[in-house]
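Reading the structure
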Amino acid sequence: MSAYIRDRREFLRLALTASCLPLLPGPGWAEALADDRTSWYRKAKFGMFIHWGPYSQASVEASWPIMRPKPGEITEAAYRALPQTFNPVKFDPHAFVDLARLAGQEYMVFTTKHHDGFCMFDSAYTDYKITNTPYGRDIVAQLAKACGEDGMPLGFYYSPPDMHHPGFRDTTKLAAENWHGEPQRPEWPTYLQYMQLQLTELLTRYGPAALIWFDGLNDQKKYNGAQVLEMIHEMQPATLVNDRIGVDADYETPEQFIPTAIPTKGIQLTGIDPEVSKRLKNTVPRPEDFRLWETCMTINNTWAYNKNDHEFKSEQTLIRSLVEVASRGGNFLLNVGPQPDGQIQPEFQQRLRAIGDWLTLNGDSIYDTTYGPIQGIAGLRTTANDKSIYVHLFDWPTAACEIPGIEARVLSARLLANGMPLTFHQTEGKLIIDLPSKAPDPNVSVIALKTY
Ligand code: GLC
């Protein structure tokens with residue numbers, strides 16, 4: 001484990017447990033981080049996304065079967081009845097946190113409410129919630145407690161679209177008819193109020209909220225994002241907010257893809273013109289222009305548990321995706337959809353552990369780094385911090401490795417995983433490193449360069 005992770009875990013553990021923060025604002029974690037709210041997140045790089053709800057019983061995608069029904073898929077009535085049988089008796093919040101730790105994940109984001117409106121927490125403002133299922137216990141509370149004990153930052157996914165609330169849409173109709181929401185109806189303000197009340201519950205009952213992950217879908221302006229943001233920060237100044245409630249807030253969220261250029265403040269990633277993207281591909285922005293971002297991605301093709309979806313990405317693909325994201329300064333939020341019994345399926349576990357094994361040896365090249373100085377060279381990705389440049393090799397060169405464009409003076413080179421020193425010479429504009437004939441790691445081998 002790197003010194004960085006140890007120190008940070010210790011810090012978070014002390015802050016989370018010592019001050020406890022049952023209600024915020026208060027002393028401790030939130031305030032300590034408020035002056036530099038994003039620094040923990042910039043360093044963390046890798047998180048676990050969890051999409052879980054009664055929908056996991058039907059092996060269908062979360063919420064979408066009622067919003068965009070497909071012929072032959074579950075009916076809205078059958079989907080709506082799923083909470084009546086939801087009973088994940090094997091759920092152990094510590095097992096989730098332990099798995100995230102083994103994977104090297106440094107934060108978790110949990111679906112407290114997806115678009116279907118079902119709440120995985122014991123909200124006082126709806127009956128459509130986990131405590132009214134056969135299971136009967138608040139899952140968010142259990143996870144928040146386990147995360148608090150472990151020092152694991154926990155963020156809340158919260159869907160502004162809500163198919164169940166009569167203020168969001170006329171619920172006498174099928175969701176497929178009006179899932180975009182109906183802000184023109186006089187009932188709309190009751191929905192905005194409901195959102196605020198539920199966010200207040202999430203921000204006052206469950207300890208420090210590392211972040212709120214909104215998923216606003218279309219026409220996000222209708223949620224009055226600026227006001228929501230203000231409200232969140234009155235309760236927890238350090239809580240980060242993503243960009244899906246109509247305001248830019250703290251970071252961008254490319255979904256199921258890794259941007260090919262490093263995002264900067266002036267250029268939105270989503271919908272980026274391919275020509276602009278091509279032009280930016282090899283450019284390295286100034287730190288003050290960098291725009292924080294996070295790619296969220298599934299391991300197979302569904303966010304929710306789906307027993308029929310066996311299209312799992314390989315360990316190598318996932319490790320390389322993490323490297324790719326880190327090389328452009330982003331975070332990687334990798335999703336799991338737990339089973340209806342509360343366990344995480346073995347195929348996900350195996351892949352997460354493999355990433356963790358790779359990070360145990362190579363984590364210094366990911367955590368606490370940002371985009372590297374060399375961009376746009378096939379088979380090679382770089383990350384950097386103030387003392388080192390990390391060269392990630394996807395293709396192992398047959399002889400020496402030649403890297404153009406390293407301006408910093410290189411003091412030493414070694415294989416990160418085993419510390420083996422490497423000989424090199426640096427001429428104007430080019431670094432040549434002698435390598436062993438075989439790649440030490442079949443997934444990604446990393447060379448650590450100490451720089452001035
Ligand atoms: C999409 C989907 C949603 C999923 C989210 C995760 O916005 O609507 O089902 O939760 O992506 O990024």
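With respect to the helices, strands and loops of the structure, Glu182 is situated in the loop between helix H8 (175-178) and helix H9 (188-205). Each residue touching Glu182, except ones within four places of it in the same chain, is listed here: Phe168, Arg169, Asp170, Lys173 and Trp188.

Right, let's get into the pattern of salt bridges. As a working rule, side chains carrying opposite charge can pair if their charged atoms are close by. Overall, the coordinates contain 21 salt bridges when judged by the stated rule. For the salt bridge of Arg185 with Glu182, the shortest nitrogen-to-oxygen distance reads 3.7 Å. In this structure, Arg244 engages Asp215 in a salt bridge whose closest nitrogen and oxygen atoms are separated by 2.8 Å. You can see Arg244 sitting in the loop between strand E5 (240-241) and helix H11 (274-280) and its partner Asp215 sitting in the loop between strand E4 (211-214) and helix H10 (225-235), a full 29 residues away along the chain. Of the two residues, Arg244 and Asp215, both sit in the buried class.

Close contacts around the ligand come from 13 residues, with His51, Trp64, His114, His115 and Glu255 the closest. Here Tyr157 contributes a side-chain N or O atom positioned 3.3 Å from an oxygen atom of the ligand. The fraction of the free accessible surface of the ligand (310 Å²) that becomes covered by protein chains is 95%. Looking at the shell around the ligand residue by residue, the classes come out as seven nonpolar, three polar and three charged.

Taken in spatial order, the seven strands line up as E5-E4-E3-E2-E1-E7-E6 in an open sheet, and their pairing is parallel. In the strand order of this sheet, the two ends are held by E5 and strand E6 (294-298), each with one partner. Two elements, strand E3 (residues 154-158) and E4, share four bridges in a ladder whose sense is parallel. Looking at E4, one finds that Tyr157 is bridged to Trp213. Strands in contact with helix H7 (residues 139-150) are strand E1 (46-50), strand E2 (107-113) and E3; relative to E2, the strand with the most contacts, it is inclined by about 165°.

Running from amino to carboxyl end, helix H6 (residues 93-103) crosses H7 at an angle of 45°, the nearest separation of the two axes being 8 Å. Judged on the interaxial angle alone, H7 and H6 are oblique. At the point where H6 passes H7, the crossing takes the right-handed sense. Contacts from Pro93, His94, Phe96, Val97 and Arg101 of H6 reach H7 at Gln142, Leu143, Ala146, Cys147, Glu149 and Asp150.

This part covers H10. Among all positions in H10, only Gly225, Val228, Leu229, Met231, Ile232 and Met235 are buried. Taken down its axis, H10 places every buried residue within 165° of arc, on the same side. The exposed residues of H10 that point more than 90 degrees off its buried face are Glu230 and Glu234. Packing partners of the buried residues in H10 comprise H9, E4 and E5.

The element E2 is largely enclosed, with a buried count of seven among its seven residues. In terms of strand pairing, E1 meets E2 through four bridges, oriented parallel. Bridge pairing in E2 links Phe49 to Val109. Bridge count between E2 and E3: five bridges; the pairing is parallel. Bridging across to E3, Lys113 finds its partner in Tyr158. In this view, the connection linking E2 to its parallel neighbour E3 by way of H7 has right-handed handedness.

Attention now moves to the sheet that holds strand E15 (residues 445-451). With respect to topology, five strands assemble into an open sheet ordered E8-E9-E10-E15-E12, the strand pairing being antiparallel. The open sheet has two free edges, formed respectively by strand E8 (370-371) and strand E12 (410-415), since each of these has just one partner strand. Against the sheet, helix H12 (residues 315-327) contacts E8, strand E9 (380-384) and strand E10 (388-393), and its axis sits at roughly 55° relative to E9.

Time to look at the pairing of strand E11 (residues 401-404). Along E11, the buried face is formed by Cys401 and Ile403; none of Glu402 and Pro404, which line the opposite face, is buried. Of the strand pairs in this sheet, E11 and strand E14 (residues 430-433) are connected by four bridges, and their pairing is antiparallel. Bridging from a neighbouring strand, Glu402 pairs with Ile432 of E14.

To characterise two packed helices, one gives the angle between the axes of the helices and the distance between these axes. Contact pair H9 / H10: the axes reach a minimum separation of 10 Å and the direction vectors enclose 25°. Relative to H10, the element H9 is oriented roughly parallel. The two elements H9 and H10 cross, and the hand of that crossing is right-handed. On H10, the residues touching Gln196, Leu199, Thr200, Leu203 and Thr204 of H9 are Gln227, Val228, Met231, Ile232 and Met235. Across the contact of H9 with H10, the residue classes break down as six nonpolar, four polar and no charged.

Before going further, it helps to spend a moment on the packing of aromatic side chains. With the rule as written, the count across this model stands at 25 aromatic pairs. Geometrically, the ring pair formed by Trp188 and Tyr223 is tilted, given 6.0 Å between the ring centres and 40° between the ring planes. With Trp188 in helix H9 and Tyr223 in the loop between E4 and H10, this pair connects stretches of sequence that are 35 residues apart. A residue is classified by how much of its surface remains accessible, and Trp188, at 5% relative accessible area, is buried. What links up through ring pairs into an aromatic cluster is the set Phe168, Trp188, Tyr191, Tyr194 and Tyr223.

Each value, and the rule that gives it
The numbering scheme is per chain: residues are counted from 1 as the chain's sequence reads. pLDDT decides what is reported in this predicted model: residues at 70 or higher carry local features, side-chain atom pairs at 80 or more are listed and counted, and totals for whole chains, interfaces and linings draw on all residues regardless. To get the side-chain values, all heavy atoms of the structure are used, and hydrogens and water are removed first. Helix and strand assignments follow DSSP, with helices taken as H or I runs no shorter than four residues and strands as E runs no shorter than two, numbered in order from the N terminus. Contacts: residue pairs with any heavy atoms within 4.5 Å of one another. Here, a salt bridge means any side-chain nitrogen of Lys or Arg that lies within 4 Å of a carboxyl oxygen of Asp or Glu. Only protein chains enter the accessibility calculation, which uses a 1.4 Å probe. A residue is then buried if its area is under 20% of the maximum for its type, exposed if over 50%, and partly exposed in between. One heavy atom within 4 Å of a molecule or strand is enough for the residue carrying it to be called near that molecule or strand. Counting of polar contacts relies on pairs of N or O atoms within 3.5 Å, with two restrictions inside protein: one atom must be capable of donating a hydrogen and the other of accepting it, and residues adjacent in sequence are counted only when both atoms are side-chain atoms. Only the protein chains shown count as covering a residue, and every accessible area follows the Shrake-Rupley method with a 1.4 Å probe. Residue classes follow a fixed rule: Ala, Val, Leu, Ile, Met, Phe, Trp, Tyr, Cys and Pro count as nonpolar, while Asp, Glu, Lys and Arg count as charged, and any other residue, Gly among them, counts as polar. Pairing between strands requires that DSSP locate at least two bridges from one strand to the other. Note on geometry: axes are lines fitted to C-alpha atoms, helical ones only across the stretch in contact, with angles between N-to-C directions running from 0 to 180 degrees. Any angle between 65 and 115 degrees counts as roughly perpendicular, while under 35 counts as roughly parallel, over 145 as roughly antiparallel, and the rest as oblique. Each crossing gets its hand from how the near helix is turned against the far one by less than a right angle, where anticlockwise is left-handed and clockwise is right-handed. The arc in question is formed by the directions pointing from the helix axis toward the C-beta atoms. Clockwise travel from the first strand over the helix to the second, with the strands pointing away from the viewer, marks a crossover as right-handed. Ring geometry is summarised as follows: Phe, Tyr and Trp rings, the Trp one being its six-membered ring, pair when their centres sit within 6.5 Å, and such pairs are stacked at plane angles under 30 degrees, edge-to-face over 60 and tilted between the two.

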